[in-house]
Amino acid sequence: MSGEENRKTPVTLISGFLGSGKTTFLNYILTENHGKKIAVIQNEFGQGIGIETAMIVGEDGSKVSEWLEFPNGCICCTVKDDFIQSIENMLSKRSFDYILIESTGMGDPGQISSSLWVDEGLESPIYLDSIITLVDSKNILKQIEQGERNRIKQQTSAVVVEEDGGEEEGGGSEPPPLKETEAERQIAFADVILLNKVDLVDEQQIQRVRAKVQDINPLATIFVTQKSVVDLDKVLSIQQYKPNVDIIKNYKAAAASGVCSDSSCSDQEHQHHNHQHGSESVHSNRINTICVEKSGSVGLTDMNRWIGSIVWSEYQDKVFRCKGLISIDGNEYKHILQGVYETFEILQSDIKWLPNEERINKLVFIGECGDMHNLRQDLA
């Protein structure tokens, strides 16, 4: 990490569906003797973390409206309005080693993380480190299935209303398309996933949940946890939005496991391959992973323009996450792509391509990607 980044405070966004164990996880962090001064921040519409807080009214109109200090130097506080401004106001008054932001159980982590992805030129005192999603291993599959049933019911109701109401000449509006559940979306955005409450299920259920999670987001790092307890050194300060050795290793491991091994495989073929390998098909009907590969090197300007055309125009709001390993023309260093919604960066790492190493571009798009298979031809 550079000297400039050392002066910045890392921020991790914590998401998870209702009942996933976020409350327990945050309480664990706040009370654990980890030697770090950590601020846990909730937005005012979030779920309470079960800690009695003391109200502090600031005469200066500070957006930090309440906080509770802990003996280990951590605090829990609630902020209003703009997250970035609220955090910067807090950091101007006291320093912290780390900041955790709790997303609501029904919230979209992509929207919050996009606002936290601050441009270096703005000289913000913070940087986005990662998105952690907690998953309730006992109930997540039922939650996703219930969400699917609710979507189908909503779509059916929309069709009935349209038929009863009639259509104007020239055609009426189509019923809204089925989208992913909130739980699926939170998994899709994650850099780290905690399969929590595994003490409440058997090994077969754990494997089914792991398969479902990996199907939605094959590049996330997964930890199996009980009562939300995890080695904090493995989930904090992992720099998921900075090019580093671990990220490149993750891409290579994903390729070796088959995530990108058959880039011509359709969704239907993917499900067939699951059966061929003797595992239950758990492929998401809405969230897919599209892997695009291209041998050789590419121009940085051309690659930025191509990705921009995808996330800003052609597939706007359909790509939740994009990640990749890229070889740039005339550059001996490996480059890393990271993106959330329409925000993305291609950054140079400190790792060189080896003299005899095959140069390859490996890009992964996670989202409502069912109609994105032509991206492979676009990059070729």
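On a predicted model such as this, the values are computed, not experimentally measured, just so you know. (Residues numbered from 1 in each chain as written. Predicted model: local features only at pLDDT ≥ 70, side-chain atom pairs only at ≥ 80, totals over all residues. Heavy atoms only, no water.)

Let us now look at the pattern of salt bridges. A side chain with one charge may pair with a side chain of the opposite charge, provided their charged atoms come close. Inspection of the entire model under this criterion finds eight salt bridges. In this structure, Lys 22 and Glu 102 form a salt bridge, with 4.0 Å as the shortest nitrogen-oxygen distance. Placement of the pair is Lys 22 in helix α2 (residues 22–31) and Glu 102 in strand β6 (residues 98–102), with a sequence separation of 80 residues. On the basis of relative accessible area, Glu 102 is assigned to the buried category, the value being 3%. (Salt bridge = Lys/Arg side-chain N within 4 Å of Asp/Glu carboxyl O. Helix = DSSP H or I, 4+ residues; strand = E, 2+ residues; numbered from the N terminus. Buried < 20%, exposed > 50% of the residue type's maximum accessible area, 1.4 Å probe, protein only.)

Moving on, we get to the pairing of strand β11 (residues 319–327). Of all the nine residues making up β11, nine are buried; the element is thus mostly covered by neighbouring parts of the structure. By the bridge criterion, six bridges tie β11 to strand β14 (residues 360–367) in an arrangement that is antiparallel. Bridged to Gly 324 within β14 is Leu 363. Looking at chain direction, β11 and strand β12 (residues 333–340) are connected through seven bridges and run antiparallel. Within β12, the residue paired with Gly 324 across the bridge is Leu 337. As consecutive antiparallel partners, β11 and β12 are separated by five residues, and within that stretch Gly 330 has a phi angle of approximately 70°, a positive value. (Pairing = 2+ DSSP bridges.)

The next point concerns the nonpolar core. The biggest cluster of nonpolar side chains holds 45 residues, and the ones touching the most others in it are Ile 99, Leu 116 and Ile 193. Both of domain 1 (9–138 + 181–234) and domain 2 (241–257 + 285–379) provide at least three residues apiece to this core. For Ile 193, the residues in contact, after removing those within four places along its chain, are Thr 133, Val 135, Ile 187, Val 213, Ala 220, Thr 221, Ile 222 and Phe 223. One finds Ile 38, Cys 74, Cys 76 and Tyr 98 within the second-largest nonpolar core, a separate group that totals 23 residues. (Core = buried A, V, L, I, M, F, W, Y, C linked by side-chain atoms within 4.5 Å. Domains from an automatic or database assignment. Contact = heavy atoms within 4.5 Å.)

The subject of this paragraph is the packing of aromatic side chains. Tallying each qualifying case throughout the model produces five aromatic pairs. Aromatic side chains Trp 312 and Phe 344 sit 5.5 Å apart centroid to centroid with 40° between the ring planes, which places their arrangement in the tilted category. Residue Trp 312 is located in helix α10 (residues 300–314), and its partner Phe 344 is located in strand β13 (residues 343–352); the two are separated by 32 residues in the primary sequence. The exposure class of Phe 344 is buried, given its relative accessible area of 12%. For the ring pair Phe 320 and Tyr 341, a centre distance of 6.1 Å and an interplane angle of 90° mean the geometry is edge-to-face. Separated by 21 residues along the polypeptide, Phe 320 in strand β11 and Tyr 341 in the loop between β12 and β13 bring together distant segments of the chain. You can call Phe 320 buried: its relative accessible area is 0%. The ring centre of Trp 353 lies 5.0 Å from the NZ or CZ of Lys 334, which sits over that ring. (Phe/Tyr/Trp six-rings, centres within 6.5 Å; stacked < 30°, edge-to-face > 60°. Lys NZ or Arg CZ within 6 Å of the ring centre and 35° of its normal.)

Right, let's talk about the packing of helix α6 (residues 182–189) against helix α7 (residues 203–216) for a bit. In a packed pair of helices, the relevant descriptors are the angle between the two axes and the axis-to-axis distance. Remark: α6 packs on α7, axes separated minimally by 8 Å, with the N-to-C direction vectors making an angle of 70°. Considering the angle they form, α6 stands roughly perpendicular to α7. In this structure, the crossing between α6 and α7 has a hand that is right-handed. In contact with Glu 184, Ile 187 and Ala 188 of α6, α7 contributes Lys 212, Val 213 and Ile 216. Here the contact of α6 with α7 is composed, by residue class, of four nonpolar, no polar and two charged. (Axes fitted to C-alpha atoms, helices over the stretch in contact; angles between N-to-C directions. Parallel < 35°, antiparallel > 145°, perpendicular 65-115°, else oblique. Left-handed = near helix turned anticlockwise from the far one by under 90°. Nonpolar A, V, L, I, M, F, W, Y, C, P; charged D, E, K, R; others polar.)

All right, on to the confidence of the model for the chain then. The predicted structure's coordinates, where accompanied by low pLDDT, should not be read in detail. For the chain, per-residue confidence averages 75 on the pLDDT scale, and residues scoring 70 or more make up 65% of the total. In the model of the chain, strand β3 (residues 54–55) stands out as the element of lowest mean pLDDT, 32, in contrast to strand β8 (residues 192–196), which has the highest, 97. Across residues 44–63, confidence stays below pLDDT 50; counting only partners more than four residues off in sequence or on other chains, it has 41 contacts. Per-residue pLDDT stays below 50 along residues 167–179; that stretch engages in 18 contacts with residues further than four places along the chain or on separate chains. (pLDDT = per-residue confidence, 0-100.)

Helix length check: α10 (15 residues) gives 20 Å between terminal C-alpha atoms against 21 Å at 1.5 Å per residue, within 8%. The largest bend in α10 amounts to roughly 25° and is located at Gly 308. (Expected span 1.5 Å × (residues − 1). Bend = angle between axes of the 7 residues up to and from the residue.)

Next up on the list: the sheet that holds β11. Read across the open sheet, the five strands follow the order β10-β14-β11-β12-β13; overall the sheet is antiparallel. Where the open sheet ends on each side, the last strands, each with one partner, are β10 (288–295) and β13. Here the strands of the sheet are splayed against their neighbours by 10° on average, with no regard to which way each runs.

Attention now goes to the environment of Ala 188. Turning to its location among the elements, Ala 188 is positioned in helix α6. On the basis of relative accessible area, Ala 188 is assigned to the buried category, the value being 0%. With 26 residues separating them along the chain, Ala 188 and Gln 214 place their C-alpha atoms 9.4 Å apart.

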